[in-house]
Amino acid sequence: MKLEDLGYNNQLEKFRIDSSLNSFEIGRVVAEHKERYIIRTTNGEFEAEITGNMRFTAKSREDFPAVGDWVALTTYESDFAIIHKILPRFSIIKRQAVEQFGEIQIIATNIDYAFLVQAVDRDFNINRLERYLTICNSSKVSPIIVLSKIDLMNEHQISEILENIKVRIKNVPVLAISNESQDGYDTIKTTIEKGETYCMLGSSGVGKSTLLNNLSGRTIMKTDAISDSTNKGRHVTSHRELIVLENGGILVDNPGMREVGIADSTSGLEITFDRIVSLSQNCKFKDCTHTNETGCSVLEALEKGEIDKASYENYLKMEREKAHFESTVAERRKKDKEFGKFVKNYKKDMKKNKY
Ligand SMILES: Nc1nc2c(ncn2[C@@H]2O[C@H](COP(=O)(O)OP(=O)(O)OP(=O)(O)O)[C@@H](O)[C@H]2O)c(=O)[nH]1
Ligand SMILES: [Mg+2]
Ligand SMILES: [Zn+2]
């Protein structure tokens with residue numbers, strides 16, 4: 001296998017040469033488990049860890065490797081490696097971690113396209129679709145909506161769903177598929193291009209891993225039904241994994257997400273809700289909240305039915321979330337800074353007392 005088969009390109013090669021990384025091998029992170037990584041190179045797969053220096057200087061999650069990353073590494077024996085450097089990422093899909101507010105979780109990096117998978121039965125939800133779109137749009141990843149399980153609905157119901165999407169979401173391709181009947185597979189297969197990296201996002205149980213297995217022709221990921229009685233956030237897929245399809249496309253499977261918190265998503269919101277955002281430039285007040293102000297262009301458009309009400313409400317909700325996220329992060333930075341000062345003074349005092 002060549003590095004190009006894993007998605008390697010000229011920019012990465014230029015960076016490698018410019019940064020004098022000649023003494024290292026280059027590989028791509030294909031799986032990750034608790035700060036240990038599986039890296040694929042032209043010489044096979046390696047289990048890897050980062051250098052002590054990388055860990056020591058890491059300031060946030062983004063300083064650690066993630067699935068999709070290109071890394072410079074030194075290999076030892078046939079299957080162990082040390083990662084020295086993460087090559088610059090051209091895209092990074094992240095979300096607000098569910099566990100701790102203000103923390104960012106990396107879903108995958110160096111992704112060209114994201115399949116936003118929603119099952120047409122109970123899972124379908126346009127608000128959530130807009131959320132995923134916001135994440136894609138702030139990550140420089142092109143979204144493709146995939147409606148799965150169309151075998152569970154009749155044609156009329158499917159076209160109704162497609163219509164509903166069209167009202168609120170423009171300029172995003174929508175593919176309707178069934179992993180049962182393989183309807184829509186021709187389209188998805190021709191959509192996937194050699195050397196491009198695709199990642200699958202969506203709730204648990206929508207059929208992401210089934211799709212990956214079917215497209216690869218192998219059972220790579222475990223799949224399972226989630227019964228209602230045990231549906232307590234059980235996920236079938238527990239880790240992220242990157243695989244290369246026979247047609248050359250590169251696919252990353254992900255565990256289902258229960259909550260899709262948006263993180264630093266200013267540009268994401270601007271692109272996803274471009275109509276609302278451009279209207280808001282004509283509001284009378286610069287800090288208009290578009291909720292009750294006179295001279296609010298957004299409210300005017302809403303009244304005239306020029307923008308969708310549900311979409312507007314979803315936008316406001318995500319704006320509030322974004323603001324809350326930003327203030328939490330700012331507060332933490334301030335605390336870190338104060339603590340930094342405290343440590344510095346403490347050390348100074350220690351010195352003074354010593355001499
Ligand atoms: N009827 C129908 N069932 C499907 C379809 N795709 C997947 N399933 C079933 O849905 C269940 C969940 O599929 P998975 O592929 O494991 O779902 P997943 O999205 O990978 O779930 P997580 O790994 O938990 O995120 C399995 O029982 C599949 O057989 C489909 O198109 N139609
Ligand atoms: Mg899965
Ligand atoms: Zn306004």
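Just so it is clear, the model here is predicted, and its values are computed rather than measured.

Engineer: Describe the overall build of the protein, listing the residues and the values that go with them.
Structural biologist: For the protein, the count of helices and strands is ten helices and 13 strands. Projected onto the principal axes, the alpha-carbon positions of the protein cover approximately 75 × 55 × 45 Å. Every one of the 355 residues in the protein was classed for burial, and the buried ones make up 46%. Once local pairs closer than 6 in sequence are excluded, the contacts in the protein between residues at least 24 apart make up 65%. Carbon and sulfur atoms make up 49% of the accessible area of the protein, which totals about 19,500 Å². Counting 51 positive and 53 negative side-chain charges, the protein places the averaged centre of each group 8 Å from the other.

Engineer: A description of helix H3 (residues 126-137) should follow, citing residues and the corresponding values.
Structural biologist: With twelve residues, H3 should cover 16 Å at 1.5 Å per step; its first-to-last C-alpha distance of 16 Å lies within 8% of that length. Capping the start of H3 is the job of one residue whose side-chain oxygen sits 2.9 Å from the backbone nitrogen of Asn 127: Asn 125.

Engineer: If you had to explain the coordination of the zinc ion (ligand 3) to someone new, which residues and values would you point to?
Structural biologist: Within the protein, Cys 283 (SG), Cys 288 (SG), His 290 (ND1) and Cys 296 (SG) serve as the donor atoms for the zinc ion (ligand 3), at 2.1 to 2.4 Å. For the zinc ion (ligand 3), the four donor atoms in the first shell make angles of 103 to 115 degrees at the metal, a pattern classed as tetrahedral. Sequence spacing of the donors to the zinc ion (ligand 3): C-x4-C-x1-H-x5-C. Assessed through its relative accessible area of 9%, Cys 283 is described here as buried.

Rules behind the numbers
- Residues numbered from 1 in each chain as written.
- Chains lettered and ligands numbered in written order.
- Predicted model: local features only at pLDDT ≥ 70, side-chain atom pairs only at ≥ 80, totals over all residues.
- Heavy atoms only, no water.
- Helix = DSSP H or I, 4+ residues; strand = E, 2+ residues; numbered from the N terminus.
- Buried < 20%, exposed > 50% of the residue type's maximum accessible area, 1.4 Å probe, protein only.
- Contact = heavy atoms within 4.5 Å.
- Areas by Shrake-Rupley, 256 points an atom, 1.4 Å probe, with all protein chains shown as cover.
- Lys, Arg positive; Asp, Glu negative; His and termini not counted.
- Charge placed at Lys NZ, Arg CZ, Asp CG, Glu CD.
- Expected span 1.5 Å × (residues − 1).
- Polar contact = N/O pair within 3.5 Å; in protein donor to acceptor, adjacent residues only side chain to side chain.
- Donors = N, O, S within 2.8 Å, 3.2 Å for Na, K, Ca; no water.
- Tetrahedral: all angles 85-135°; square planar, octahedral: opposite > 155°, others 65-115°.

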